[in-house]
Amino acid sequence: ASCLAKLLVPPRFQHSQILLPRNLPAFGNHSAMYQNPPQQHPPQQYQPGQMAAPGIVMGTPVPEAGDIGKMPVSQVPPEVRNGFVRKVYSLLSVQLMVTFGIALYMNTQLTPLWVAKHLGIYYMASFGTLAMMLGVSCCCADALRNFPFNYAFLAALTIGMSITVGFATVLYTTDSVLLALGTTAGVFLVLTAYACLTTTDFTGIGPYLFAGLIALMMFGFVISIFSWLTGTPMVGSMVHKLYAGCGVLLFVFYIIHDTQLIVGGEHKKHQFSVDDYVFAAIELYLDVINLFVFLLELMGDRR
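Reading the values: rules and limits
- Per chain, the residues get numbers from 1 upward, laid out in the order the sequence is written.
- Confidence filtering applies because this is a predicted model: local features only for residues at pLDDT of at least 70, side-chain atom pairs given and counted only at 80 or more, and all residues used for totals across whole chains, interfaces and linings.
- Only hydrogens and water are set aside when side-chain values are computed; all heavy atoms of the structure are taken into account.
- Note on aromatic contacts: the rings of Phe and Tyr and the six-membered ring of Trp form a pair at centre separations within 6.5 Å, being stacked when their planes are under 30 degrees apart, edge-to-face when over 60 apart, and tilted otherwise.
- Helix numbering and strand numbering both begin at the N terminus, where a helix is a DSSP run of H or I of at least 4 residues and a strand a DSSP run of E of at least 2.
- Each residue is placed in one exposure class: buried if its accessible area under a 1.4 Å probe, protein chains only, is under 20% of its type's maximum, exposed if it is over 50%, and partly exposed if it falls in between.
- The predictor attaches a confidence to each residue, and that confidence, scored 0 to 100, is pLDDT.
- Residue contacts are counted whenever heavy atoms from the two residues lie within 4.5 Å of one another.
- Patches here are clusters of residues that have more than 30% relative accessible area and form no salt bridge, with a 9 Å joining cutoff for like charges and a 5 Å cutoff for nonpolar side chains (Val, Leu, Ile, Met, Phe, Trp, Tyr).
- The accessible surface values rely on the Shrake-Rupley method and a 1.4 Å probe; as for residues, cover is taken only from the protein chains in view.
- We define a salt bridge as a side-chain nitrogen of Lys or Arg found within 4 Å of a carboxyl oxygen belonging to Asp or Glu.
- UniProt positions are given in the numbering used here, feature names are shortened, and annotations may be inferred rather than shown by experiment.
- In protein, a polar contact means a hydrogen-donor-capable atom and an acceptor-capable atom, both N or O and within 3.5 Å, with residues adjacent in sequence counting only if both atoms are side-chain atoms; elsewhere, any N or O pair within 3.5 Å suffices.
- Here an axis means a line fitted to C-alpha atoms, over the contact stretch when the element is a helix, while the angle between two N-to-C directions is reported on a 0 to 180 degree scale.
- Each angle receives one of four descriptions, namely roughly parallel if under 35 degrees, roughly antiparallel if over 145, roughly perpendicular if within 65 to 115, and oblique otherwise.
- Here a crossing is called left-handed whenever its near helix is offset anticlockwise from the far helix by less than a right angle, and right-handed whenever the offset is clockwise.
- Three classes are used, and their members are as follows: Ala, Val, Leu, Ile, Met, Phe, Trp, Tyr, Cys and Pro are nonpolar, Asp, Glu, Lys and Arg are charged, and the others, Gly among them, are polar.

Asks: I would appreciate a short explanation of the packing of aromatic side chains in the present structure.
Replies: How two aromatic rings sit relative to each other is set out by the distance from centre to centre and by the angle between their planes. By the definition in use, this model includes 12 aromatic pairs. Measuring from centroid to centroid gives 5.0 Å for Phe100 and Phe292, while their planes differ by 75 degrees, and the two rings are edge-to-face. Taken together, the residues Phe100 in helix α3 (residues 78–109) and Phe292 in helix α10 (residues 277–299) connect sequence positions 192 residues apart. The same class applies to Phe100 and to Phe292, which are both buried.

Asks: So what exactly am I meant to see when it comes to the confidence of the model for the chain here?
Replies: Close inspection of predicted coordinates is inappropriate for parts of the model with low pLDDT. Confidence along the chain averages 75 in pLDDT terms, with 69% of residues attaining 70 or more. Per-element confidence in the chain is highest for helix α7 (residues 174–197), whose mean pLDDT is 92, and lowest for strand β1 (residues 19–20), whose mean pLDDT is 33. Below pLDDT 50 for its whole length, residues 11–38 participates in 54 contacts with residues either more than four positions away or in separate chains. Low pLDDT, under 50, characterises residues 43–66; the stretch is placed with 25 contacts to residues that sit more than four places away or in other chains.

Asks: Just to check I follow, could you spell out the environment of Arg145 for this structure?
Replies: Inspection of the secondary structure assignment puts Arg145 in the loop between α5 (119–139) and α6 (149–170). For the pair Arg145 and Val278, spaced 133 residues apart in sequence, the C-alpha to C-alpha distance is 7.2 Å.

Asks: For this particular structure, what's the right way to read a nonpolar patch on the surface?
Replies: A cluster of nonpolar side chains, namely Phe210, Ile214, Met218, Phe221, Val222, Ile225, Trp228 and Leu229, defines an oily patch on the protein surface of about 860 Å² accessible area. Locating Met218 in the fold gives a position in helix α8 (residues 206–230).

Asks: Is there a simple way to explain the UniProt feature "transmembrane region" (unreviewed entry) in the chain in this structure?
Replies: The UniProt entry lists residues 88–108, 120–144, 151–172, 178–197, 209–229, 235–256 and 277–296 under the feature "transmembrane region" (unreviewed entry), expressed in the numbering used here. The span residues 88–108 is 100% helix and 0% strand, and its two end C-alpha atoms sit 30 Å from each other. Annotation note: span residues 209–229, helix share 100%, strand share 0%, distance between end C-alpha atoms 30 Å.

Asks: Sorry if this is basic, but what is going on with the side chain of Thr129 here?
Replies: Within the fold, Thr129 resides in helix α5. Within the structure, the side chain of Thr129 is placed 2.7 Å from the backbone oxygen of Ala125, a separation counted as a polar contact. For Thr129, the contacting residues outside a window of four places in its chain are Leu157, Gly160 and Met161.

Asks: Explanation requested: the packing of α7 against α10 in the structure shown.
Replies: A pair of packed helices is captured by two measures, namely the crossing angle of their axes and the spacing between those axes. The interhelical angle for the contact between α7 and α10, taken along N-to-C directions, is 135 degrees, at an axis separation of 9 Å. Viewed along their axes, α7 and α10 adopt a mutual orientation that is oblique. When you trace α7 past α10, the crossing you get is right-handed. Contact residues: α7 offers Ser176, Val177, Leu179, Ala180, Leu181, Thr183, Thr184, Val187 and Phe188, while α10 offers Leu284, Val288, Leu291, Phe292, Leu295, Leu296 and Met299. Broken down by class, the residue content of the contact of α7 with α10 amounts to 13 nonpolar, 3 polar and no charged.

Dropping the structure here:
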């Protein structure tokens, strides 16, 4: 369910940038720039908070001066970009605290027998979450940029995913859940630091990650069908461990990719715009949740 939710994240309207020198003509005879050498302009003084246009942005409509919410995060003043990043990680922190709080409560208070008797709640949460993602992706992606719908959607998504993850943790020992949780936190912090500090731009690998996600889901589907047809439980087998390991590797790269989309800076091939803070929070939230679930499957001991 968490992988499907990641697959159904609405289009983020990322901005692709190709920065050209200011004096390069966009159309017509390019030899003109050799016939007429560029004029020397005196340096301009900018007030604090005012943004100097670095060049012509090809492929992205230039927003109006007052419509800063549609601008890529690397093209806004530093205080606006920092506010965007703080908002994203504040939302993410609340989401993760709610999710792991519910998951730990269910793990310590419920039993696998209770889960088997109440699978209807699990299916309701899972399919409800997927239905919300599908609905927003198909017809009202722009609504996630408008308050208060975006916060209401985020809250509903978080509750649904928390219940889904909680049901999964009940099947594992508490020590395994805590181990997976600690590993997830450590990996996420290290990958976040790496994504911010590295000079390598990972924002262009989104299509390859998407293809990898589809392949991973098909792998899991084939395992499930094989287990159902043969009656052979695949949980704990080498094939299942391989599946979980592939999931961990995929979402490691997803975390780096989505972090660079958020922080902007030198990583400019694709970016979020300022109003996409809910999209950004959902992206990272699903990355962390999927990483946790796959680590739990890879390292966890079942009850």
